[in-house]
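Take a look at the letters that make up each chain.
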Amino acid sequence: MKAINHNHLFIAGSLLLGAITISSCNSTEGKTAEKPVAAAIAATPATEVFALERGQLSTSLQLPGELTAFQQADLYAKENSYVRKIYADIGSTVSQGQLLASLDAPELNSRLAAAASRLKSQEALYTASNALYKRLFETSKTPGTISPNDLEQAEAKRDADLAQLEAAKAAYKEVTVMRDYLEIRAPFAGVVSARNVNTGAYVGPNGKTVLPLFTLQEQKHLRLAVAIPEAYTGFIQKQHDVKFQVKALPGRIFTASIKRQAGALDDRLRAERVEMDVYNNDLKLLPGMIAEVKIPFPGKDSTFIAPKSAVVNSPERVFVIRIENGKAVWVDVQKGREADGKVEIFGSLQPGDQLVKTGSEEIRNGSDVKNTKTAQ
């Protein structure tokens, strides 16, 4: 057998190993160079977008309200007097014109007698001067019997007495009217909610009491007053029905309708006062109760509706991000009502615009947004 040349074997092995190494290096470099750009895009999380659509957003607002009597009057004594008798007490249901209390003023009776005496005196003076004038007038028809000066003096005296008579009548009527104030009557039908005097008390403008004799409230008809924030005043309409509850009657829901609007905002609250009429025939609701009022705001017009997450509130602006030709475009908007995670938006938008579902300032205006997917 021929001897194997070890040198030849060594050289052949080295050449074969070098060829394998060169082939392996060339293969790795080819794969690295051939990586597609799509692989880098696929590694970036897809941006969720949605197609903008019009819709109607129905919302509701829950606010505290106050129940008050439709009419309320504090009744005072107009004339200095003493309480003679009281005919009503707290909780009394009274009708219009019903006598609540009678007062006694001895000085007023004296003034009334003096006024009556003056009236009778002036009536007598006027009767005499009027009769004298008539006689002189008839006599003056015969020429030369009565001088014109005497006739004029008689006429002036009659006119002066007539004026004094009218003044006496007015004074008498004034005292008579004041005497009528000694009877305290209900100006309207309602419930006496307060009584602050007793029989024999001295009352009147110069009396020691500063509280009213009675407080009368109309309780079968109540007012429900609510302060509507400025942002919601545009959705309020008359005859709009609302529902409310009170803590004193849990589980019971009441309905009222809007009847009156202030038409201006309160300077302190920046809110408009709105009143509703509440009919309370069973008297279960009481003036002064606080009510939890729920005011529905049904959608009136078709507006753009977007998820709240799509609207970015930055210190400088409020905007949404629209995708145009693979680029992000910031579009300034104004927000409307919000409900159930959605919000009305107003701006330079069109139906079908592709908006980013979760907006962020990190998506810069004008930046490339290639990898998108439609939000479910």
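As the structure is a prediction and not an experimental result, all values here were calculated from the model. (Residues numbered from 1 in each chain as written. Predicted model: local features only at pLDDT ≥ 70, side-chain atom pairs only at ≥ 80, totals over all residues. Heavy atoms only, no water.)

Break down the sheet that holds strand β10 (residues 202–203) for me, with residues and values.
One open sheet holds the 4 strands; their spatial order is β8-β7-β5-β10, and the pairing between them is antiparallel. Each edge of the open sheet carries a strand with a single partner, namely β8 (183–185) and β10. (Pairing = 2+ DSSP bridges. Helix = DSSP H or I, 4+ residues; strand = E, 2+ residues; numbered from the N terminus.)

Talk me through the packing of helix α3 (residues 106–139) against helix α4 (residues 148–180); I want residue IDs and the actual numbers.
Axis separation between α3 and α4 bottoms out at 8 Å; the angle between their running directions is 160°. Here α3 lies roughly antiparallel to α4, going by the angle between them. Two packed elements cross with a definite hand, and for α3 against α4 that hand is left-handed. Looking at side-chain class alone, the contact of α3 with α4 contains 19 nonpolar, 5 polar and 10 charged residues. (Axes fitted to C-alpha atoms, helices over the stretch in contact; angles between N-to-C directions. Parallel < 35°, antiparallel > 145°, perpendicular 65-115°, else oblique. Left-handed = near helix turned anticlockwise from the far one by under 90°. Nonpolar A, V, L, I, M, F, W, Y, C, P; charged D, E, K, R; others polar.)

Give a detailed account of the environment of alanine 227, specifying residues and quantitative values.
On the secondary structure map, alanine 227 appears in strand β12 (residues 221–229). Among the residues examined, alanine 227 registers a relative accessible area of 34% and is labelled partly exposed. A C-alpha to C-alpha distance of 9.7 Å links alanine 227 and glutamate 66, two positions 161 residues apart in sequence. Residues within four places of alanine 227 in sequence aside, it is in contact with Leu63, Leu269, Ala271 and Glu272. (Buried < 20%, exposed > 50% of the residue type's maximum accessible area, 1.4 Å probe, protein only. Contact = heavy atoms within 4.5 Å.)

Summarise the confidence of the model for the protein chain; cite the residues concerned and give the values.
Model confidence for the protein chain is summarised by a mean pLDDT of 84, while 86% of its residues fall at 70 or above. Looking over the protein chain, one finds the lowest element-wise mean pLDDT in helix α1 (residues 6–33), namely 43, and the highest in strand β11 (residues 214–217), namely 96. Residue range residues 1–34 is modelled with pLDDT below 50. Its contacts to residues more than four positions away, or to other chains, number 1 contact. (pLDDT = per-residue confidence, 0-100.)

Quick rundown of α4? Include the residues and the values.
With 33 residues, α4 should cover 48 Å at 1.5 Å per step; its first-to-last C-alpha distance of 48 Å lies within 8% of that length. Those residues of α4 not exposed but buried are Leu151, Ala154, Arg158, Asp161, Leu165, Ala168, Val175, Thr176 and Met178. Tucked inside the fold, the buried residues of α4 contact α3. (Expected span 1.5 Å × (residues − 1).)

Now, about the nonpolar core: what can you tell me, with residues and values included?
Within the largest apolar cluster, 26 residues are counted, with the highest numbers of intra-cluster contacts made by Val94, Leu100, Leu103, Ile184, Val203, Leu213 and Phe214. At the level of elements, β4 (72–75), β5 (81–86), β7 (99–104), α3, α4 and β11 are the ones that each hand at least two residues to this core. Discounting chain neighbours no more than four positions away, the residues touching leucine 100 are Leu75, Ile86, Tyr87, Ala88, Val94, Ile184, Arg185, Ala186 and Phe214. Membership of the second largest hydrophobic core comes to 23 residues, among which are Leu222, Val226, Phe244 and Val293. (Core = buried A, V, L, I, M, F, W, Y, C linked by side-chain atoms within 4.5 Å.)

Report on the side chain of aspartate 277, specifying residues and quantitative values.
One can find aspartate 277 in strand β15 (residues 271–279). When its relative accessible area of 8% is taken as the criterion, aspartate 277 is described as buried. Within the structure, the side chain of aspartate 277 is placed 2.5 Å from the side chain of arginine 260, a separation counted as a polar contact. If sequence neighbours within four positions are ignored, aspartate 277 has contacts with Phe70, His221, Leu222, Ala256, Ser257, Lys259 and Arg260. (Polar contact = N/O pair within 3.5 Å; in protein donor to acceptor, adjacent residues only side chain to side chain.)

Describe the environment of leucine 285, with residues and values.
Secondary-structure assignment places leucine 285 in the loop between β15 and β16 (290–297). For leucine 285 and threonine 68, which are 217 residues apart along the polypeptide, the C-alpha to C-alpha distance reads 9.7 Å. Apart from the residues within four sequence positions on either side, leucine 285 is in contact with Leu67, Leu222, Phe244, Val246, Leu249, Phe254, Val278 and Asn280.

Lay out the pattern of salt bridges with the relevant residues and their values.
This model, assessed by the stated rule, comprises 19 salt bridges. Where aspartate 161 meets lysine 157, a salt bridge forms, and the shortest distance between an N and an O atom there is 2.7 Å. Of this pair, aspartate 161 and lysine 157 are both found in helix α4, 4 residues apart, which corresponds to roughly one turn of the helix. For lysine 157, a relative accessible area of 43% gives the class partly exposed. Between arginine 317 and aspartate 332 there is a salt bridge, with its nearest N and O atoms 2.7 Å apart. Linking arginine 317 in the loop between β18 (312–313) and β19 (318–324) with aspartate 332 in strand β20 (residues 327–339), this pair joins segments that are 15 residues apart in sequence. On the basis of relative accessible area, aspartate 332 is assigned to the partly exposed category, the value being 43%. (Salt bridge = Lys/Arg side-chain N within 4 Å of Asp/Glu carboxyl O.)

Explain the sheet that holds strand β9 (residues 190–195) residue by residue, including any values.
An order of β4-β11-β9-β6 is seen for the 4 strands of this open sheet, with the pairing classed as antiparallel. The open sheet terminates on both sides in strands that have one partner only, identified here as β4 and β6 (93–94). Relative to β9, β6 is paired through 2 bridges, and the arrangement is antiparallel. The partner of threonine 93 across the bridge, within β9, is valine 191.

I'd like a rundown of the environment of serine 147, residues and numbers included.
Mapped onto the elements, serine 147 comes out in the loop between α3 and α4. Residue class for serine 147 comes out partly exposed when judged on its relative accessible area of 32%. As for serine 147 and leucine 136, which are separated by 11 residues in sequence, their C-alpha atoms are 9.5 Å apart. A polar contact is formed between the side chain of serine 147 and the side chain of aspartate 150, at a distance of 3.0 Å.

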